[in-house]
Amino acid sequence: MDARLLDILVCPICKANLEYRKARAELVCKPCRLAFPIRDGIPIMLEDEARQLPSEDR
């Protein structure tokens, strides 16, 4: 994932900064408890595509 892209991407719902999780290939929004997938190097920033995080995975 390009570091410059990570600097400008924010959560499409709450506009919070995202945490990159390389092992799972996803961008995580902690306030919304959503994980947005990265497919073929492209972040999929759609709420319908996001995975809901369990409350203990913050």
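Structure first, text after, so check above.
On a predicted model such as this, the values are computed, not experimentally measured, just so you know.

(A) Up close: the overall build of the chain. Helices and strands together make up the secondary structure of the chain, namely one helix and five strands. Taking 58 residues into account, the globule formula puts the C-alpha radius of gyration at 10 Å, and the chain, at 10 Å, falls close to it. Summarising its shape, the C-alpha atoms of the chain cover approximately 30 × 20 × 20 Å along the three principal directions. Within the span of the chain, comprising 58 residues, buried residues form 31% of the whole. In the chain, once contacts between residues fewer than 6 apart in sequence are set aside, the share between residues at least 24 apart is 20%.

Conventions we followed
Residues numbered from 1 in each chain as written. Predicted model: local features only at pLDDT ≥ 70, side-chain atom pairs only at ≥ 80, totals over all residues. Heavy atoms only, no water. Helix = DSSP H or I, 4+ residues; strand = E, 2+ residues; numbered from the N terminus. Rg over C-alpha atoms; globule rule 2.2 N^0.38 Å. Buried < 20%, exposed > 50% of the residue type's maximum accessible area, 1.4 Å probe, protein only. Contact = heavy atoms within 4.5 Å.

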